[in-house]
There are 2 protein chains.
Amino acid sequence: MAGRTTYRDLADLAAHIRVASGKEPADLVIRNTSFLDVYTGRFLSGDVAVYRETIVGTQQRYEGLEVVDGRGAFLVPGFIDAHVHIESSLLTPERFQQAVLPSGTTTVIWDPHEIANVRGLEGLTWALEATEDLALDVFVMLSSCVPSTSPQRELETSGALLRAGDLALLQARSRVLGLAEMMNYPGLLAGEPDVLSKLFLFQDRRRDGHCPGLRGKDLNAYGAAGIHSCHESISKEEAEEKLQKGFHVLIREGSCAKDADALLPLLDDYSSAVIGLCSDDRNPADIAKEGHIGFIIDKALRGGHKPQNIFRAASFAAARAYGLDDRGAVAPGFLADVCLVRPKDGRTWTSGLAIEAVYKRGRPVDRAALAASAEAFASRPQPRWGSNMCLAPCRAEDFDVPVPAGASPHVAPARVQARVIGVRTRQIVTDALSASLPAAGGLVCMDLQQDILKIAVFERHRRTGHRAVGFVKGFGLRRGAIAASINHDSHNAIVVGADETVMAAALNHLIHIDGGIVVAQDEGTIDSLALPVGGLMCNRDPQEVAQALERLRALAQAMGCRLPEPFIQLSFLALPVVPSLKITDRGLVDVDRFQLVPAAY
Amino acid sequence: MAGRTTYRDLADLAAHIRVASGKEPADLVIRNTSFLDVYTGRFLSGDVAVYRETIVGTQQRYEGLEVVDGRGAFLVPGFIDAHVHIESSLLTPERFQQAVLPSGTTTVIWDPHEIANVRGLEGLTWALEATEDLALDVFVMLSSCVPSTSPQRELETSGALLRAGDLALLQARSRVLGLAEMMNYPGLLAGEPDVLSKLFLFQDRRRDGHCPGLRGKDLNAYGAAGIHSCHESISKEEAEEKLQKGFHVLIREGSCAKDADALLPLLDDYSSAVIGLCSDDRNPADIAKEGHIGFIIDKALRGGHKPQNIFRAASFAAARAYGLDDRGAVAPGFLADVCLVRPKDGRTWTSGLAIEAVYKRGRPVDRAALAASAEAFASRPQPRWGSNMCLAPCRAEDFDVPVPAGASPHVAPARVQARVIGVRTRQIVTDALSASLPAAGGLVCMDLQQDILKIAVFERHRRTGHRAVGFVKGFGLRRGAIAASINHDSHNAIVVGADETVMAAALNHLIHIDGGIVVAQDEGTIDSLALPVGGLMCNRDPQEVAQALERLRALAQAMGCRLPEPFIQLSFLALPVVPSLKITDRGLVDVDRFQLVPAAY
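Parameters at a glance
Residue numbers restart at each chain and count upward from 1, following the sequence in its written direction. Lettering for chains starts from A, numbering for ligands starts from 1, and both go in the order in which the items are written. Given that the model is predicted, a residue must reach a pLDDT of at least 70 before its local features are reported, and side-chain atom pairs must reach 80 or more before they are shown or counted; all residues, however, enter totals for whole chains, interfaces and linings. Hydrogens and water are ignored here; the side-chain numbers use all heavy atoms of the structure. Strands pair, by our definition, only if DSSP identifies at least two bridges between them. Numbering of helices and strands runs from the N terminus, with a helix taken as a DSSP run of H or I at least four residues long and a strand as a DSSP run of E at least two residues long. Structural elements are reduced to axes, namely lines fitted to C-alpha atoms, with helices fitted over the stretch in contact, and the angle between N-to-C directions of any two is expressed from 0 to 180 degrees. Least squares is the method for superposing the copies, and the C-alpha atoms it fits come from residues with pLDDT of at least 70 in both. Should any heavy atoms of two residues lie within 4.5 Å, those residues are counted as being in contact. Throughout, buried area stands for the accessible area (probe radius 1.4 Å) lost by two parts on being put together, summed over both. The rule for a salt bridge is simple: a side-chain nitrogen of Lys or Arg has to be within 4 Å of a carboxyl oxygen of Asp or Glu. Here a polar contact means two N or O atoms within 3.5 Å. Within protein one must be a hydrogen donor candidate and the other an acceptor candidate, and residues neighboring in sequence count only if both atoms are side-chain atoms. Multiplying 1.5 Å by the residue count of a helix minus one yields the expected span of that helix.

Draft legend 1. Focus on the sheet that holds strand β18 (residues 430-440) of chain B. Residue and element names in this part refer to chain B. Taken in spatial order, the nine strands line up as β19-β18-β17-β21-β20-β23-β22-β24-β25 in an open sheet, and their pairing is mixed. Either end of the sheet is taken by a strand with one partner, and the two such strands are β19 (443-444) and β25 (526-530). Relative to strand β23 (residues 493-497), strand β22 (residues 481-484) runs antiparallel, the two sharing four bridges. By the bridge assignment, Ala481 is partnered in β23 with Gly497.

Draft legend 2. Looking closely at the sheet that holds strand β6 (residues 79-84) of chain A. Residue and element names in this part refer to chain A. In space, the five strands of this open sheet follow the order β6-β7-β8-β9-β10, with parallel pairing throughout. Each edge of the open sheet carries a strand with a single partner, namely β6 and β10 (206-209). Each strand axis lies, on average, 30° off the axis of its neighbour in the sheet, ignoring direction. Inspection of the sheet shows strand β9 (residues 176-182) paired to β10 by three bridges, in the parallel sense. Residue pairing across strands places Leu179 opposite Arg207, the latter belonging to β10.

Draft legend 3. Molecular detail of the pairing of β18 of chain B. Residues and elements named next belong to chain B. Where strand β17 (residues 415-423) and β18 come together, nine bridges link them in antiparallel fashion. The residue bridging Val420 from the neighbouring strand is Leu433, located in β18. Where β17 folds back on β18, the antiparallel hairpin that results is connected by six residues, among which Arg426 adopts a positive phi of roughly 65°. Taking the residues that link successive antiparallel strands as the turn, the β18-β19 hairpin has two residues, and the phi of Gly441 there is positive, at about 60°.

Draft legend 4. Representation of the relation of the copies chain A and chain B within the structure. Least-squares fitting of chain A to chain B yields an RMSD of 0.0 Å, with the transformation described by 0.0 Å of translation along the axis and a rotation of 180°. Look at the turn and shift together and you get a two-fold axis relating the two. Comparing interface residues between copies, 100% of those in chain A also lie at the interface in chain B; the contact surface is shared.

Draft legend 5. Local environment of the interface of chain A and chain B. Across the boundary between the two partners, chain A contributes 79 residues, which contact 79 residues of chain B. Summing both partners gives a buried area of about 6,300 Å² for chain A against chain B, and 56% of it is carried by carbon and sulfur. At the boundary of chain A and chain B, one finds four salt bridges. Where chain A touches chain B, the interface holds 37 residue pairs in polar contact (both at pLDDT 80 or more).

Draft legend 6. Representation of helix α14 (residues 500-512) of chain B. Residue and element names in this part refer to chain B. With 13 residues, α14 extends 18 Å from end C-alpha to end C-alpha; this agrees with the ideal 18 Å at 1.5 Å per step. Buried residues along α14 sit in contact with β20 (452-458), β22, β23, β24 (516-520) and β25. Among the residues of α14, the N-terminal cap falls to Asp499, whose side-chain oxygen and the backbone nitrogen of Thr501 are separated by 2.7 Å. Following α14 by one or two positions, Asp514 has its phi on the positive side, about 60°.

Structure follows, in structure tokens:
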């Protein structure tokens, strides 16, 4: 990928030269635009001529088989999402492209971390195959931290374990750019052999970073180990230090983590060559409502940033950071990935971004065609992975929390002290709370008065029977239960609820639909979104999925839920590498001490 | 080369991490500097810690086995020469490094075009081998246009012919980055199969450009064919169009071609990410006197350019343009190629650049050690290429120009009309002049009154016996002769002189020393610089070579020569792809009509 355009053969190369020279007509000419030159930062005038997939001429006048009148719009390079987990869109790749291509994203760099945690090497292989013949260009970084914690610690049961040797099998596949976000920075700093092996294996490729809050010498060590990027900065100062230490800072605006406001002040003429944009995790409702990478551009423009800087970051800078030298500029020899855009009010960029049309490899992006192509995918053979939900149906009793043997319940009404996961709205860190809960019949009970609900995780990958039940505060549910097969990173089955019978019903329904998201109002009133691909994704119209998600969210809110993003927040409660108290299928995890702790004591 | 530092093994990686973390001392700490951050454009303070060949820490305080006090100097990334013909230094690579490393150049990208014209594939292979274990990092672009004109045209006899299939043999060698300057842009635009084959072969690698004056649709076609750079712009407008069309513009300041004044105005915060610097052809005297890439930086600083822009162009921008992602920044994980610099007057950059020290892969550049290492090279087995001068000794009669059969000499003194190459000072284009010359004994004579001398080219590669004699104006020689085995691109033997007997003596001496540069004052007073490697280069101390060159130049001037760079100008008189009238071993070439023409008519 060190080159520009690639040609099929000599005749193809000769044809590109002839068309560029004006000896033969172009396939497409886009006329009457101001197109961005990402080398000098100026908007230029003149035709942009496209032959097959490539821009072959700019500035001069061309004849074309098709001529598009840009009517004074601006033409900029297609946007690149420098770091995304497609799984977070709940959509399979062909549906993801249907959602994001029309919004201007023409290339994404995917870390298939979620499906890798569920299906391991098979999942990574599927990720490569499922993106093979999309219009959207999907490059892949191979997931570096599967599972999130070392298996020796037995803190969780993941669907898979990926060692350096596994990644080596896919290293040479086309579209693989390197090693995905190295989240295990403590392991890196401690020199853990598995981490070092992976870094070593990819030492002549890109190695993405993920190091929230890492500063000073630890950050130096992270860079000295060859990590070239980070998308996890939350303050300007942190991101500035990362830039100063040679990391490509990727400004992220996901559904949960939103860093653009904090980091955009770092963008200027100079840094726009090395700062990229990314979505990381973005749900289908947000993509439908706000767009994708265009949403960050819109924010920047409304914030008064120069268009030449934010558009360069969104394209050329990301392309160069990842060695994708065939894209990111509106110039001869570059892929014809371009967006026709305007200021929202037609006059000033501070009104925001309006996207009029998108061209991918020279072809107009057409919503109907994308939908039809995604439908066609649905009729293809699907991955033969067997069931996503390898666990037995459950009963209300499975959610019992016995009063611990050593505990001495107080006088009637008997009460027991319990650890409670304290959920913070829109954050993935939790508080390790403690509460006094009622006990009855030798069991510790929830307490809706205090908003203390039960939460449980059931292993779903290999019928180990592992399950754990604990308590959580912050959801606000007054009744019913929510269950899902999405929870980072092991993606076991998680259920939260105000009633054990309904929790069991929700979980059983989740098993019944073979994974997805379930909202049960009571034992008999259950709504759901099935996610048949790994229990994470589905091939359904993105708008439909967005609507289903919003409907489920509204249901949860009607049941009392106070969290604006209940499913995303739920999905991070089993991630034992983010403080402070989490729950996995093996039990409650005190993340600060990195060990299992009992729910009641 | 998509990565940062490379490690020898896991233990080496672990050691880098430990040192960067501050757990073990660094090999080298450079303290008390302002070091340039090429990501944000700021000069930062704090230590720069180096372990083995790599920068492992910046900003924080480190302990080091060796600590260097920068005493308030500035620390910038080592300079990259993005396009050089090392042969033009007259030095073998180990001597070239001795000349340029101390001046801050730590990486060069070599097109071994001259030795390739003399020795073909063998020459390219030698170029790779001769640069294998230098301190200086030498990357190689494989020469695309050997010989300069199609052999079918029989306009010249080169030492070699390189077809796409020949280049394919070296394509995968380490340090080969791609295809060198595609000078045959008319061939490219015409779709010549040999040109297209070479472009196609390197379509996933870098393909350098060389297209003086190319504009508009032709320039578009050049870019659409995948060319990514050009170092041949001579006006700001031309270079600006090239940038706007996605070419990396390399600002060149050679011994002959000097473009910095014209092109530096294009350098700003934005473009400093995509503009590189190069020397192309620079003789040893200029390197010794003015420096190398540092000379362009000095010019830019004196011209008021921001240091962060010119230093970024000289390092990071060039590195990224060529995919050398392990260098070009003072940051953890990047090679410890750094220069300690100051404003010349110690206060303001507009006083120019002073270089205090250079570190290559973490080791201080030491002139004595470089000299010793180059001496050691001299004792190695040299390329067994046989003689550089495969031609028979000549006599004065070989320089005869007979009065053409059809010519009708005027009345006594008889005169004949002749074509004369008009040399322009410091330019490689010539004028096609016509003059009336005296004739005697059936031969056309030179005319020192008009400064019209004889010039001859003798084939020297394969004993074809081809030779041609013509006339030239502009040297100003009143006596003696100059001969050389350097002349672009075929590098046959060329001789210019005011007397046929001395011309023969000069050429015979050139044969005697097996190639080089010869200045003959008369038959018996001959001085020379032998260039035993291909008749182009020598392994001798760069200062000595510079002095020899200056001594020969002074001799030529004492003989009446008016050209400040007589040897360089002479070396371009046989290049039949640069207008207007040139001479090769096959005859006088009318470049505008691309055909051989007689000297007298």
